[in-house]
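A closer look at the structure
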Amino acid sequence: MEITRAFCILLVSVLNAVKITSSVEDGLLYLDYYKETCPLAAEIVSRNVEIAVLKDPRMAASLLRLHFHDCFVMGCDASILLDNNGDIISEKQAGPNLNSLRGFEVIDKIKHLLEEACPLTVSCADILAMVARDSVTLFIPTPNSSLETLIANFNQQGLDVEDLVALSGSHTFGKARCLSFRQRVYDINMEEKYDKYQRYRTFRRILRSICPESGRDEAIAPLDFLTPAKFDNQYYINIHQGNGLLGSDNVLVNEDHEGEIKKLVWDFASDQELFFSSFAKSVVKMGNINVLTGIDGEIRKNCRFVNP
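These numbers come from a predicted model, not from an experiment. (Residues numbered from 1 in each chain as written. Predicted model: local features only at pLDDT ≥ 70, side-chain atom pairs only at ≥ 80, totals over all residues. Heavy atoms only, no water.)

Below, the discussion takes up the state of the cysteines. Simply put, disulfide is the name for a covalent bond between the sulfur atoms of two cysteines. Within the structure shown, the criterion is met by four disulfides. Sulfur-sulfur distance for the disulfide between Cys38 and Cys118 comes to 1.8 Å. Of this pair, Cys38 sits in the loop between α2 (33–37) and α3 (41–55) while Cys118 sits in the loop between α5 (104–117) and α6 (124–136), and the two are 80 residues apart along the sequence. With respect to burial, Cys38 and Cys118 carry one shared label: buried. For Cys178, the disulfide goes to Cys211, at an S-S distance of 1.9 Å. (Disulfide = S-S within 2.5 Å. Helix = DSSP H or I, 4+ residues; strand = E, 2+ residues; numbered from the N terminus. Buried < 20%, exposed > 50% of the residue type's maximum accessible area, 1.4 Å probe, protein only.)

Time to look at the UniProt feature "binding site: heme b" (unreviewed entry) in the chain. If you check UniProt for "binding site: heme b" (unreviewed entry), the listed places come out as His171 in our numbering. As for its position among the elements, His171 is in the loop between α8 (161–168) and β2 (175–177). Setting aside its immediate chain neighbours within four residues, His171 contacts Leu223, Asp224, Tyr235, Leu246 and Asp249. (UniProt positions renumbered as here; feature names shortened; annotations may be inferred. Contact = heavy atoms within 4.5 Å.)

The next subject is the side chain of Lys111. Relative to the helices and strands, Lys111 is located in helix α5. Within polar-contact distance, the side chain of Lys111 engages the backbone oxygen of Val122 at 2.8 Å. In contact with Lys111, other than residues within four places in its own chain, are Val122, Cys124, Ile127, Ile299, Arg300, Lys301 and Cys303. (Polar contact = N/O pair within 3.5 Å; in protein donor to acceptor, adjacent residues only side chain to side chain.)

Direction vectors running N to C along helix α7 (residues 147–156) and α8 enclose 105°, while the axes themselves pass 9 Å from each other. Between α7 and α8, the crossing angle belongs to the class labelled roughly perpendicular. Contacts between α7 and α8 involve Leu147, Leu150, Ile151 and Phe154 from the former and Val161, Asp163, Leu164 and Leu167 from the latter. In the contact of α7 with α8, the residues fall into seven nonpolar, no polar and one charged. (Axes fitted to C-alpha atoms, helices over the stretch in contact; angles between N-to-C directions. Parallel < 35°, antiparallel > 145°, perpendicular 65-115°, else oblique. Nonpolar A, V, L, I, M, F, W, Y, C, P; charged D, E, K, R; others polar.)

When the UniProt feature table is mapped onto this chain numbering, "binding site: Ca(2+) 2" (unreviewed entry) sits at Thr172, Asp224, Thr227 and Asp232. Separation in sequence by 61 residues is not matched in space for these annotated residues, since their most distant C-alpha atoms are only 10.0 Å apart. Checked against the element boundaries, Thr172 lands in the loop between α8 and β2. Relative to the helices and strands, Asp232 is located in the loop between β4 (230–231) and α12 (234–240).

Within this structure, the stated rule accounts for twelve aromatic pairs. Considering the side-chain rings of Tyr236 and Phe268, the 5.2 Å spacing of their centres and the 65° angle between planes classify their relative orientation as edge-to-face. A residue pair is termed long-range when its members are at least 10 positions apart, and Tyr236 in helix α12 and Phe268 in helix α14 (residues 260–270) qualify at 32 residues. For Phe268, a relative accessible area of 1% translates into the label buried. Taking 5.7 Å as the distance between ring centres and 45° as the angle between the ring planes, the aromatic pair formed by Phe275 and Phe276 counts as tilted. Above the plane of the ring of Phe104 lies Lys92, whose end atom (NZ or CZ) is 4.2 Å from the centre. (Phe/Tyr/Trp six-rings, centres within 6.5 Å; stacked < 30°, edge-to-face > 60°. Lys NZ or Arg CZ within 6 Å of the ring centre and 35° of its normal.)

With that out of the way, let us pick up the environment of Gly242. Position of Gly242 relative to the elements: it lies in the loop between α12 and α13 (247–254). You can call Gly242 buried: its relative accessible area is 10%. Separated by twelve residues in sequence, Gly242 and Asn254 have C-alpha atoms that sit 8.3 Å apart.

Counting 67 residues, the largest nonpolar core has Leu81, Ile107, Leu114, Val122 and Tyr236 as its most contacted members. Considering each element in turn, this core owes the most residues, nine residues, to helix α4 (residues 59–74). Taken together, domain 1 (40–137) and domain 2 (147–287) each give at least three residues to this core, which thus spans both. With sequence-adjacent residues up to four places away left out, Tyr236 is seen in contact with Val165, Ala166, Ser168, Gly169, Val265, Phe268, Ala269 and Phe275. Counting 14 residues, the second largest nonpolar core, distinct from the first, contains Cys178, Phe181, Ala219 and Leu223. (Core = buried A, V, L, I, M, F, W, Y, C linked by side-chain atoms within 4.5 Å. Domains from an automatic or database assignment.)

Listed below in structure tokens is the structure:
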């Protein structure tokens, strides 16, 4: 995975400047809380993320995605990590997550090491935030959501259209299953509506070779065909050309009748540093959705289960 140093520095500095770690003593969030309560936390997280990504470069995008999917349900509370248990139905069973989200074992290992170093100190939600940060050094919208649905979902979380466009840029790396983009490839109504001049036949033909009309649901394709292992602004160039993998990528351009979102897409396609800056700010904004502090939450001993 290739990530520019400038973006790494920017994202890390912005995330570090925001209170992503919390004290459970008084219900307030404090900067650098773990420097005193668990001095090795950052090192443990970063080292294990690095090892996981070296073994599987796709894991960087998967870990970042965990943070996104967690924050978009009821806030950043690490509920995405919970397994089915009694009356608790895991978010892992939701449509956009089922057999799609991955990286839980990486979180398990990190949590185990943190519990050994400083028991019941580092929250699972903070682990997800730190892992997302280090990986880059949406009820989540489905891959076929309309633009209207995407905007509504983001607004429900206090996020605006600039956040929508910036955070969609996380599709600059990673992969998606055939099941997630089949409708985008074979929907005749979509083809007639958005590509009546058949400008994107070559790309559609490539996707059909990977994903047939039936079967091979688990076949995967890169979200960005041109620079699949690089965190850059190529995603915006792709969707501007109609070559987004997911339906929810292409609607940013195809269904924007006002022009505001198209302009943002073009701005990010034209200026990579602007995308990096906007992405970092939106990740921080998303990471502060309904954060649980004090008696409202708990430091789980095992991120897969609530404490007994």
